Amino acid sequence: MARTNDKHCVISLFCWFIRVKEELGSGRVRMAWVSLPVVGMLLVWWWVGFSAVNADYIKYKDANQPVAARVGDLLSRMTLEEKIGQMVQIDRSVANVDTMRTYFIGSVLSGGGSAPLPEASAEDWVNMINEFQKGALASRLGIPMIYGIDAVHGHNNVYNATIFPHNVGLGATRDPELVRRIGSATALEARATGIPYVFAPCIAVCRDPRWGRCYESYSEDHKIVQEMTEIISGLQGDIPANSRKGVPYVGGNKKVAACAKHFVGDGGTTRGINENNTVVDRHELLSIHMPAYSDSIIKGVATVMISYSSWNGEKMHANHDLVTGFLKGTLKFKGFVISDWEGVDRITSPPHANYSYSVQASILAGLDMIMIPFKYIEFIDDLISLVKNNVVPMDRIDDAVGRILLVKFTMGLFENPLADLSLVNELGSQAHRDLAREAVRKSLVLLKNGKNGTNPNPVIPLPKKVSKILVAGSHADNLGYQCGGWTMEWQGFSGNNYTRGTTILSAIKSTVDSSTEIIYRENPDGNFVKSNNFAYAIVVVGEHPYAETSGDSMNLTMAEPGPSVISNVCESVKCIVIVISGRPIVIEPYISSIDALVAAWLPGTEGQGITDVLFGDHEFSGKLPRTWFRTVDQLPMNFGDPHYDPLFPLGFGIETESIKELVTRSTSDGVVGRPCMLVLVLALILSL
C-alpha cells in the first residue's frame, strides 16, 4: 500500500500545482513567484522519494504477484550468461558455493549412489544442499537452485530410507490409491533430506522383458501404466480444480516436483536393448507409449525427462517434432524438459564426437535443462557461442529459462530456498515401512498353489507351527538382492549392511511359532535335505541386482545356484519357491517339481510383506503386470499378439483367503445350517 499512497501523493501535488498556476493567471493569487519554486522543490522531493521506494521493489521477489509476471520480470533482468546457467544441472561431486555463484547454476543432482558421505543422515543431506543453495543465492539475482535425485522406489539413494517395491511390483497391485500414498511418503522422505525434486515416475511401457530397465515399468499394458500415474498426485499434491492443462503444480514444502520419464518409447526398443531404436509407426507410438504422458500432464507433472532411445532412427534428445511439436504443442506441457544423464553427448556416435552440434540439436529440439554432471563449462561456452552467432535464437533460450523459473516459482523455492530439519524423522519412519509392507503383500503374485493345475490341495497358507522348516536360496537373506538396482548404489548392492530393512529369512523367523525350528542353507545338497525330515522348504532365488544396460539379457536365466537349489530341495520335500526378479525369467523347466510358486518381483526393504501372505495373515491378490513367457524364443510377446502362448498370461494370479477369512466363512456356513467341521478345524490348526 505504501507504493500506491506515494503515487497518489505525487499526483495530488501535481494537480495542486496546476491549480495554483491557473489561479496565478487569473490574478487571484499574489506573491506566486514565491510559491512556484517551493512547489517545484516539493515535486522533486516527492519524486525522489517515490523513485527510491520503487527502486527497492523487485516484482519477481513479490510472492503476491502472479507467477507469469514474476517470470517475465526476472527474465527481463537476466544476462545471457545467467539464463544459460539456469539451464545447467551438475552433479553434487563438482558443485560448491563458488561454482554455484559464478556460473549461476540452475540445478544440482545426485547421480546413483552420489551421497555427501557413507551412511549420511538426513541432517547431512540438508546441510550439504543448503551450502550449495547459499552459493546460488549469493549470485547477482539470487535465483535459487533446485536439487534433484532418483527416488524411483522410495528415496533409494539415502541410507535408512524406506525402499518400496520397484514399479513392476506396484503394477501387480492394480492399486492406484496405494501408489499415490507411496508417492506422498516418498515426497516426505525426500523433503526430509532437503530435496524438492525427484526423477520419478518412470512411465515406460516395457514391451520386452529382455530390457534392463523393465522393472522400472509398471506393465506391458499402457492402461495399467496410465492408472499408476496417480503416483504423481502423491508426489506433487492434487492439482487445483481450476488449473489450466499442462501447468505444473507442486503443493507446498511437503511435496516435490516429479518427472515423467523417459519421453518417449524407451520400453519398445528392438530386442529390449537399452538406449536402442524403437521401430514402430506413429500410431503405435502414440497409442501405446504416449498415453501415460498425457495423463501425467493433466495431473500437473512439473518436468519430463527425455529418453536415450531413438524413434525410427532419430535420437529423442534431438527430436523437435515430438519434444516441441507434440509434448509442448499438442499436449500443452508448460513445465520444463530435462535431458537424461549426458544424454546430449549421446546424440552422436560415439558420444561427444561433435559436442557443439549436439548442444545445438538438443536445445533446438526443445530441451530446457541439460543434465551435464561434470563438463558443464564446455556446455555453457558452446551454447553462449551458438546464441551469439544466431544459431540458437534468443526466444528459444527465454522459453527454456521461463519454464525452469515457472517451476521454481510454483514450488515456492524463492520464498523458501533453504531446507530445515523439521521433517528429518520422516526418513524411514514406521508409518512408511508399514506402507511398504502393505505394498509388498499386494504386489506378490501366486502362480502355483499345489502340485497339479487344479490345486485340490493348496500349499498356501503355510502352517506356522511345525517341527522344522528349511529356508534355502541366495536371495533369502540378502537385503540388496531383495531391493534390486537403484538402491544405495546405481547398480544396487549385495548383503545386509548398506541400509536398514527386514530380509525374507528374518521375516520368516519372526512369523512362525516359537517352537518351530528354522534351518537356513544358501545352497543345500540333496542328501542334507533328505536326511533332515523338514515339514516343508521355502526356496528364495532369482536375479542379482542390475540397472539400465547392465540388466539387458538375451536369455533371462535365473542366477546360479538357483536352478540346482530348486532341484536339490524340491525333489525331496514340499517346496515353496519365491522368485525375486525385475521381470519374468525362465521358470518352466522347474515348475513341475515346485509345489507353490510366488513372483515377488523386487520387494524392497520390508520382507515381512512376503510372510504376511505366505502364512495366511493376509490374502494373495496380485495379478501379473506382464506376460510370463515359456521360452525367450517367444519374445517379444505381449497380450493381444497373434502368437500369444504364455506360461502365465497378463493378469494371471491365484487368489487366496487369509486364515481370518477362512475361519469367518466356515463359521458363517455353520450358522446357516451347512457346517463343515473339517474346514473349520483345519483353519484353526493353520492359524496356530
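The structure displayed is predicted, hence computed values, not measured ones. (Residues numbered from 1 in each chain as written. Predicted model: local features only at pLDDT ≥ 70, side-chain atom pairs only at ≥ 80, totals over all residues. Heavy atoms only, no water.)

Visitor: Teacher, can you tell me more about the overall build of the protein chain here?
Guide: When you go through the protein chain residue by residue, the secondary structure sums to 24 helices and 17 strands. Across the 688 residues in the protein chain, those meeting the buried criterion constitute 58%. Within the protein chain, contacts between residues separated by at least 24 positions form 76% of all contacts whose residues are at least 6 apart in sequence. Accessible area of the protein chain: about 26,600 Å², with a carbon and sulfur share of 54%. (Helix = DSSP H or I, 4+ residues; strand = E, 2+ residues; numbered from the N terminus. Buried < 20%, exposed > 50% of the residue type's maximum accessible area, 1.4 Å probe, protein only. Contact = heavy atoms within 4.5 Å. Areas by Shrake-Rupley, 256 points an atom, 1.4 Å probe, with all protein chains shown as cover.)

Visitor: Mind showing me how you'd approach helix 17 (residues 430–443) here?
Guide: Helical geometry: 3.6 residues make up each α-helical turn, so side chains three or four residues apart lie on a common side. Under the 1.5 Å per step criterion, the end-to-end length of helix 17 is 20 Å for 14 residues, consistent within 8% with the ideal 20 Å. By the burial criterion, the buried members of helix 17 are His-432, Arg-433, Leu-435, Ala-436, Glu-438, Ala-439, Val-440, Arg-441 and Ser-443. (Expected span 1.5 Å × (residues − 1).)

Visitor: Sorry if this is basic, but what is going on with the pattern of salt bridges here?
Guide: Any two side chains of opposite charge can pair, given that their charged atoms come close. Counting across every chain of the model gives 32 salt bridges. The structure contains a network of salt bridges with shared partners spanning Lys-328, Asp-368, Arg-396, Asp-399 and Arg-403. (Salt bridge = Lys/Arg side-chain N within 4 Å of Asp/Glu carboxyl O.)

Visitor: Please clarify how the sheet that holds strand 4 (residues 197–198) should be interpreted in this entry.
Guide: The strands making up a sheet are joined through hydrogen bonds of the backbone, oriented either antiparallel or parallel. Reading across the sheet, the 5 strands line up as 4-3-2-1-11 and stay open at both edges, with parallel pairing between neighbours. A strand with exactly one partner marks an edge of an open sheet, and here the two such strands are strand 4 and strand 11 (370–371). With 3 bridges joining them, strand 1 (residues 88–91) and strand 2 (residues 107–110) adopt parallel strand pairing. Bridge pairing links Gln-89 to Ser-107 in strand 2. This element, helix 6 (residues 122–137), spans strand 2 and strand 3 (146–149) of the sheet and lies at about 135° to strand 3. (Pairing = 2+ DSSP bridges. Axes fitted to C-alpha atoms, helices over the stretch in contact; angles between N-to-C directions.)

Visitor: Any chance you could explain the nonpolar core here in plain terms?
Guide: For soluble globular proteins, the rule of thumb is that nonpolar side chains tend to be buried together. Counting residues in hydrophobic clusters, the biggest one holds 120 residues, and the most contacted among them are Phe-263, Phe-379, Leu-383 and Leu-405. In terms of residues, this core owes the most to one element, helix 16 (residues 394–411), which gives 9 residues. Not counting chain neighbours up to four residues away, the residues in contact with Leu-405 comprise Val-71, Leu-74, Leu-75, Met-78, Gln-86, Ile-143 and Phe-414. Counting 69 residues, the second largest nonpolar core, distinct from the first, contains Val-152, Val-471, Val-577 and Ile-594. (Core = buried A, V, L, I, M, F, W, Y, C linked by side-chain atoms within 4.5 Å.)

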